[in-house]
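# Report on the structure
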Amino acid sequence: MTIRLQNYSVDAWVSGVGAEQPVVSAINGEVVALASSGGLDFAAMLEHARSVGGPALRAMTFHQRANILKALAQAIIERKEELYALSVTTGATRGDSWIDIEGGAGTLFSISAKGRRELPDDVLIVDGELEQIGKEGTFVGQHVYTTLHGAALHINAFNFPVWGMLEKLGPALLAGIPVIVKPATATAQVAEHAVRIMIETGVLPRGGLQLIVGPVGDTLDHLGCQDVVSFTGSAATAVKLQTHPVIAREAVRFIAERDSINASILGPDADADSPEFGLFVKEIVREMTVKAGQKCTAIRRAFVPRGLLDRTQQEIEDRLSKVVIGDPANDTVTMGALVGISQREDVRAKARELATECKLIFGSIDTVETLGDAVLGAYQSPLLFRNDDPWTAKVVHDLEIFGPVCTLMPYDDPGDALALANRGNGSLALSVFSHSPDVVRAFVLGSGAFHGRLAFIDRDCAKESTGHGSPLPMLIHGGPGRAGGGEEMGGMRAVKHYMQRSALQGSPRSLSTVVRQWLPGAPQTEAIAHPFRKRFGELELGYTLKTESRTITLDDVEHFAHFTGDTFYAHMDEVAAAASPIFGGRVAHGYLILSFAAGLFVDPAPGPVLANFGLENLRFIKPVKPGESIKVALTAKAKSLRSPKMGEVRWSVAVTNQDNELVAAYDLLTMNAV
Ligand code: NDP
């Protein structure tokens with residue numbers, strides 16, 4: 001049955017009019033879907049996103065948006081079998097689709113959880129520390145991120161129609177920007193259904209998500225300075241879009257993730273018996289066959305110490321000979337099809353070009369042994385090439401072949417290996433199989449600048465390792481140069497691509513209100529009731545308890561030293577302490593100061609403060625000598641609701657001496673009843 005795919009435009013499912021593009025099964029060449037975006041009003045879609053979706057999303061806090069992401073991920077998981085069924089026609093095995101569908105939902109879950117944990121229950125992000133500009137502290141600076149008022153246009157690749165969409169959608173929605181998704185037409189039947197599942201949850205605000213199946217028409221002509229384009233695909237298309245006059249003129253943010261000729265290296269410390277050798281061989285074959293090599297991070301170039309070249313070749317060949325190619329519906333199949341015949345023709349044409357300088361040592365470019373339909377299915381034999389002179393070769397370092405193709409090459413020493421890896425001119429991923437930390441450091445220093453992600457795999461981490469080719473939601477995905485210069489994911493870093501960083505300058509009073517944090521220099525309300533008597537909701541920022549002072553005696557110091565076992569010379573040995581360039585005589589323990597500070601500000605009876613769960617940013621600024629005294633100012637600095645019943649309170653604690661000099665400062669965290 002042929003599905004007529006629909007667009008989701010201005011909160012309605014609409015069929016395109018006019019010419020339709022066929023989406024063809026990778027397995028048997030049947031037309032499985034028809035896509036058309038004809039008749040869509042692209043300017044109106046952008047306007048709807050900006051004027052309806054954006055304001056609705058920006059009215060929610062990060063935590064509310066994170067809850068939406070969780071609901072979307074749950075819906076994908078609940079209805080995953082519908083997506084698996086559709087994915088079969090893209091040539092993907094169940095394992096390939098697991099990466100796409102459940103990996104996609106997992107990525108959304110992860111972004112949602114990190115959003116709730118790492119972002120405030122607010123709409124702006126504070127970036128870095130307060131900068132004191134004036135001497136008196138009345139004029140200060142603070143960086144913040146606020147959400148862009150435009151729309152995000154996500155143009156996705158064909159290889160992971162669900163994951164590729166969700167890894168971009170999650171950070172954008174969390175940032176509060178509405179999204180228009182344009183999936184690759186070749187696998188749009190899967191992406192369209194995933195969008196349908198998400199829309200049917202009912203959790204997205206109107207205008208929050210729209211979908212274009214087919215060409216984007218004149219969308220780019222209507223982009224503006226608040227919009228973001230995030231693109232995954234070929235370098236040729238990326239360059240075309242990036243140089244679009246409107247994108248250039250309006251300085252539209254453009255995140256590109258494109259061709260990448262990734263490398264993997266067997267370390268110089270490995271030999272044929274070391275565990276890293278076996279791990280390397282296994283990974284090369286895995287990267288060639290998962291998703292039939294149609295992965296932006298797949299290993300295209302494998303480098304080994306020259307003396308191990310023959311042995312490595314033999315081991316890889318042995319493993320490749322066991323690969324079963326065919327229709328993923330057949331349980332014995334271990335590698336599916338390419339996405340379509342035209343993609344296969346592209347792979348074959350490029351493989352022929354590679355064969356002009358590299359020797360084909362496994363597989364056949366033009367014929368394939370398959371359990372599927374060898375004529376109408378887009379099956380491709382894995383192709384292992386070898387080149388013994390990688391410095392003379394050119395094509396292998398410059399041409400991305402998006403299929404089950406890899407070239408094995410030797411290197412002479414570590415410097416040679418990393419220079420060869422860097423010949424990819426900017427890649428998404430480099431893996432090094434080495435058990436030597438010194439080798440690892442040399443690769444980071446020599447190759448870090450050319451790679452977005454570097455995976456060092458050895459016997460210690462192999463069991464838990466996610467391998468060479470898996471981008472992870474908490475780590476950045478992207479790379480310099482040929483790989484596009486973009487960056488996706490990386491935890492909350494990705495959210496900031498959809499926000500503007502601004503430097504704020506002003507008085508502590510006004511900036512405190514902006515960032516919803518009491519900042520040093522902002523007004524403080526002197527406590528009448530003890531702050532620990534106040535519930536989360538009653539506590540106002542800036543509410544400050546100023547304590548009595550307490551003198552620290554030599555007896556206190558000695559008692560504390562013997563009680564805790566901390567008899568460090570600075571506290572116990574007058575002669576040694578006097579000789580110290582820092583202390584100039586015996587001083588109180590820093591922990592004694594902290595303990596006495598708590599004794600000064602704590603209100604002991606049960607009440608709204610449920611627990612003290614940590615200190616942050618602790619600094620001992622000035623030593624306190626026996627006979628000196630300390631006092632504390634405890635100020636409510638920031639609040640963050642953690643559940644309907646509890647909220648975290650961050651207190652600024654300033655400990656001063658008898659001369660009002662700061663001796664210790666830190667943030668105290670308590671959990672308070674709402
Ligand atoms: P394309 O660059 O052709 O397509 C990528 C996306 O861009 C698709 O959604 C495509 O839509 C869209 N697109 C194409 N032209 C335009 C345009 N003028 N305006 C707006 N959108 C456009 O890449 P393919 O997916 O066809 O793959 C081709 C090659 O790209 C692969 O063989 C591989 O070498 C490389 N590639 C690299 C990836 C990576 O992550 N590094 C991922 C995928 C591919 P439509 O499908 O409708 O044409």
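What comes next is a walk through the structure. Residue positions are given per chain, counting from 1 as you read along its sequence in written order. Per-residue local features of the predicted model are confined to residues with pLDDT of at least 70, and side-chain atom pairs are confined, for both listing and counting, to 80 or more; whole-chain, interface and lining totals are unaffected and use all residues. Hydrogens and waters are ignored; side-chain quantities use all the structure's heavy atoms.

### A few points about the overall build of the protein
Under the DSSP-based scheme used, a helix requires at least four consecutive residues in state H or I and a strand at least two consecutive residues in state E, with every element numbered from the N terminus. Broken down by element type, the protein carries 19 helices and 29 strands. Overall size of the protein, expressed as C-alpha extent along the three principal axes, is 90 × 60 × 45 Å. The cut-offs for exposure are 20% and 50% of the maximum accessible area for each residue type, with area from a 1.4 Å probe on protein chains only; residues under the lower value are buried, those over the upper are exposed, and the others partly exposed. A burial count over the protein gives 55% of its 674 residues as buried. A contact between two residues is defined here by any heavy atoms of the two lying within 4.5 Å. A sequence separation of at least 24 residues applies to 74% of the contacts in the protein between residues at least 6 apart.

### Focus: the pairing of strand S7 (residues 140-147)
Within S7, 6 of the 8 residues are buried, leaving the element largely enclosed by the surrounding structure. Strands were regarded as paired on the criterion that DSSP finds at least two bridges between them. Across 8 bridges, S7 lies against strand S22 (residues 499-506) in antiparallel orientation. The residue of S22 that forms the bridge with Tyr145 is Arg501.

### A look at the sheet that holds strand S4 (residues 21-24)
Two pairing modes exist for strands in a sheet, parallel and antiparallel, and in both the strands are linked by backbone hydrogen bonds. Pairing in this open sheet of 3 strands is mixed, and the strands run S1-S5-S4 from one edge to the other. A single partner strand is all that each edge strand has here, and the edge strands are strand S1 (3-4) and S4.

### Structural notes on the packing of helix H3 (residues 80-87) against helix H6 (residues 188-200)
Structural elements are reduced to axes, namely lines fitted to C-alpha atoms, with helices fitted over the stretch in contact, and the angle between N-to-C directions of any two is expressed from 0 to 180 degrees. Two elements in contact, H3 and H6, have axes whose closest approach is 9 Å; the angle formed by their N-to-C orientations is 165°. Between H3 and H6, the crossing angle belongs to the class labelled roughly antiparallel. For the pair H3 and H6, the sense of crossing is right-handed. Contacts between H3 and H6 involve Glu82, Leu83, Leu86 and Ser87 from the former and Gln189, Val190, His193, Ala194 and Ile197 from the latter. Here the residues of the contact of H3 with H6 sort into 5 nonpolar, 3 polar and 1 charged. In these notes the angle categories are as follows: under 35 degrees is roughly parallel, over 145 is roughly antiparallel, 65 to 115 is roughly perpendicular, and the rest is oblique. Each crossing is labelled by how the near helix is turned from the far one, with a counterclockwise turn of less than a right angle marking it left-handed and a clockwise turn marking it right-handed. When residue character is reported, Ala, Val, Leu, Ile, Met, Phe, Trp, Tyr, Cys and Pro are called nonpolar, Asp, Glu, Lys and Arg charged, and the others, Gly included, polar.

### A look at unusual backbone geometry
Positive phi, close to 65°, is recorded for Asp11, a residue that is not glycine. One can find Asp11 in the loop between strand S2 (7-9) and strand S3 (12-14). On the basis of relative accessibility, which here comes to 24%, the residue Asp11 falls in the partly exposed class. Positioned with a positive phi, Asn617 is a non-glycine residue whose angle comes to about 55°. By secondary structure assignment, the location of Asn617 is in strand S26 (residues 609-620).

### Digging into the sheet that holds S22
A sheet is described by the order of its strands in space; here 3 strands give the open sequence S6-S7-S22, paired in antiparallel fashion. A single partner strand is all that each edge strand has here, and the edge strands are strand S6 (125-132) and S22. Each strand axis lies, on average, 20° off the axis of its neighbour in the sheet, ignoring direction. Bridge count between S6 and S7: 5 bridges; the pairing is antiparallel. Directly across from Ile125, in S7, lies its bridge partner Tyr145.

### Remarks on the site of the ligand
Being near a molecule or strand, for a residue, means having at least one of its heavy atoms within 4 Å of it. The local shell around the ligand holds 24 residues, among which Asn156, Thr185, Ser234, Thr237 and Cys296 are the closest. Residues adjacent in sequence count toward polar contacts only when both atoms are side-chain atoms; beyond that, a polar contact is any pair of N or O atoms within 3.5 Å, and within protein one must be able to donate a hydrogen and the other to accept it. In this structure, an oxygen atom belonging to the ligand sits 2.5 Å away from a side-chain N or O atom of Thr185. Residue Gln343 places a side-chain N or O atom 3.0 Å away from an oxygen atom belonging to the ligand. Burial of the ligand by the protein chains amounts to 80% of its free accessible area of 880 Å². For the shell around the ligand, the elements supplying multiple residues, two or more each, are strand S11 (228-232), helix H7 (235-242) and helix H11 (341-354). Note on areas: Shrake-Rupley, 1.4 Å probe, and residue coverage restricted to the protein chains presented here.

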